[in-house]
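Letter by letter, the chains look like this.
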Amino acid sequence: MKKSLIPLGIILLSVALAYCLLTYDHDWGDDWAAYLMQSIAITKGATQEFLARNTFTMRESTRFFGPDAYPWGFPVLLSSFVLACGPLNIFCLKFVNLIFFALFLWG
């Protein structure tokens, strides 16, 4: 029993510290916006429309920003949080990272 309390305490402390580091703002200069747009397209059932718009954007851009679509695994996981939080509630959507961090520590 005592052996399981120490790792559990470390996990709880790590998750609490990670929660304290969450912020209400976000720098949109990375792939997060694309993942969020893909997850919104999944929730609306408009994946083909997303692919068409994003492909056009990437082809007409003067520099390479990223692929036409990222792998669909993370946007599918994120789509349940988009439905629960709303597409632009950044703090709630960042919370998904905290959940997977806790699961990583648990495993």
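As the structure is a prediction and not an experimental result, all values here were calculated from the model. (Residues numbered from 1 in each chain as written. Predicted model: local features only at pLDDT ≥ 70, side-chain atom pairs only at ≥ 80, totals over all residues. Heavy atoms only, no water.)

A. Looking closely at the state of the cysteines. Per the stated rule, a full pass over the model turns up one disulfide. Just so you know, cysteine 20 is unpaired, no disulfide at all, and the nearest cysteine sulfur is the one on cysteine 92, 17 Å from it. (Disulfide = S-S within 2.5 Å.)

B. Spotlight on a negative patch on the surface. A cluster of like negative charges, contributed by Asp25, Asp27, Asp30 and Asp31, occupies part of the molecular surface. If you trace the backbone, aspartate 31 turns up in the loop between helix H1 (2–20) and helix H2 (32–44). (Patch = residues over 30% accessible without salt bridge, like charges linked within 9 Å, V, L, I, M, F, W, Y side chains within 5 Å. Areas by Shrake-Rupley, 256 points an atom, 1.4 Å probe, with all protein chains shown as cover. Salt bridge = Lys/Arg side-chain N within 4 Å of Asp/Glu carboxyl O. Lys, Arg positive; Asp, Glu negative; His and termini not counted. Charge placed at Lys NZ, Arg CZ, Asp CG, Glu CD. Helix = DSSP H or I, 4+ residues; strand = E, 2+ residues; numbered from the N terminus.)

C. Layout of the packing of aromatic side chains. Taken as a whole and judged by the stated rule, the model has six aromatic pairs. With 4.6 Å between their ring centres and 20 degrees between their planes, tyrosine 24 and phenylalanine 91 make a pair best called stacked. One end of the pair, tyrosine 24, is in the loop between H1 and H2; the other, phenylalanine 91, is in helix H5 (residues 90–106), with 67 residues separating them in the sequence. With a centroid separation of 6.2 Å and 80 degrees between ring planes, the pair formed by phenylalanine 50 and tryptophan 72 is classed as edge-to-face. A residue pair is termed long-range when its members are at least 10 positions apart, and phenylalanine 50 in helix H3 (residues 47–60) and tryptophan 72 in the loop between H3 and helix H4 (73–85) qualify at 22 residues. By relative accessible area, tryptophan 72 is classed as partly exposed at 29%. Among the aromatic residues, those joined into a ring-pair cluster are Tyr19, Tyr24, Phe91 and Phe95. (Phe/Tyr/Trp six-rings, centres within 6.5 Å; stacked < 30°, edge-to-face > 60°. Buried < 20%, exposed > 50% of the residue type's maximum accessible area, 1.4 Å probe, protein only.)

D. How the structure looks around the side chain of aspartate 68. Mapped onto the elements, aspartate 68 comes out in the loop between H3 and H4. There is a polar contact of 3.0 Å between the side chain of aspartate 68 and the side chain of arginine 59. The residues contacting aspartate 68, other than those within four sequence positions of it, are Phe50, Leu51, Asn54, Thr55, Met58 and Arg59. (Polar contact = N/O pair within 3.5 Å; in protein donor to acceptor, adjacent residues only side chain to side chain. Contact = heavy atoms within 4.5 Å.)

E. Spotlight on the pattern of salt bridges. Scanning all chains against the criterion turns up two salt bridges. Note that glutamate 49 is salt-bridged to arginine 53, the shortest N-O span being 3.7 Å. Here the residue glutamate 49 and the residue arginine 53 both occupy positions in helix H3, the gap between them amounting to four residues, near one helical turn. Given a relative accessible area of 47%, glutamate 49 falls into the partly exposed group. For arginine 59, the salt bridge goes to aspartate 68, with nearest N and O atoms at 3.0 Å.

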